[in-house]
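# Fold and contact review
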Amino acid sequence: GNWCEPGEPQLLDTPTAHDGWLTRQQLLARYAELTGRDLSAVGWYLAFGRWRLACILEGVYARYRDGVMGREDADVDGYGPLVIRLVESASHALDAQR
């Protein structure tokens with residue numbers, strides 16, 4: 001899944017994007033504390049997940065555009081801005097990783 005925080009790109013109304021959930025940093029700190037694992041590369045994995053999701057959305061959009069998804073009434077117009085936000089967010093995650 002994609003752990004979204006308020007203001008981050010999301011496909012659906014993700015519960016973690018609302019108040020009451022741990023932030024990503026709080027969750028990572030707790031996980032590292034309990035497991036002792038090195039999480040220094042987590043930004044790369046976050047970037048990869050967002051890039052992957054952007055690629056999937058582009059593929060779905062292309063299939064709808066080409067009429068091969070079987071439904072002509074699907075609302076995929078919002079995919080473009082979401083893909084851009086996902087790619088930008090992936091880039092920021094990589095920048096933060098450095």
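Calculation criteria
Residues numbered from 1 in each chain as written. Predicted model: local features only at pLDDT ≥ 70, side-chain atom pairs only at ≥ 80, totals over all residues. Heavy atoms only, no water. Helix = DSSP H or I, 4+ residues; strand = E, 2+ residues; numbered from the N terminus. Contact = heavy atoms within 4.5 Å. Phe/Tyr/Trp six-rings, centres within 6.5 Å; stacked < 30°, edge-to-face > 60°. Buried < 20%, exposed > 50% of the residue type's maximum accessible area, 1.4 Å probe, protein only. pLDDT = per-residue confidence, 0-100. Salt bridge = Lys/Arg side-chain N within 4 Å of Asp/Glu carboxyl O.

## Notes on the side chain of Arg24
Positionally, Arg24 belongs in helix 1 (residues 24-35). In contact with Arg24, other than residues within four places in its own chain, are Trp3, Cys4, Glu5, Glu8, Leu46 and Arg50.

## Examining the packing of aromatic side chains
Taken as a whole, this structure holds two aromatic pairs when the rule is applied. Taking the centre distance of 5.0 Å and the plane angle of 85° together, the rings of Trp44 and Tyr45 count as edge-to-face. Among the residues examined, Trp44 registers a relative accessible area of 44% and is labelled partly exposed. Given the relative accessible area of 56%, Tyr45 is considered exposed. Between Trp44 and Phe48, the ring centres sit 5.5 Å apart and the planes meet at 5°, which makes this aromatic pair stacked. One end of the pair, Trp44, and the other, Phe48, are both in helix 2 (residues 42-65), four residues apart, so they sit about a helical turn from each other. A relative accessible area of 43% places Phe48 in the partly exposed class. Grouped by ring-pair contacts, the aromatic residues Trp44, Tyr45 and Phe48 constitute a single cluster.

## Here we look at the confidence of the model for the chain
Per-residue confidence for the chain gives a mean pLDDT of 83; residues scoring 70 or more make up 90%. By mean pLDDT, helix 3 (residues 79-97) is the weakest element of the chain at 86, and helix 1 is the strongest at 92.

## Comments concerning the pattern of salt bridges
Overall, the coordinates contain two salt bridges when judged by the stated rule. Arg30 is paired through a salt bridge with Glu33; the nearest N and O atoms lie 3.1 Å apart. Highlighted residues: Arg30 and Glu33, both in helix 1, separated by three residues, approximately one helical turn. Here Arg65 makes a salt bridge to Asp66, at a shortest N to O gap of 3.1 Å. Its relative accessible area of 54% is what places Arg65 among the exposed residues. Relative accessible area serves as the criterion here: at 52%, Asp66 is assigned to the exposed category.

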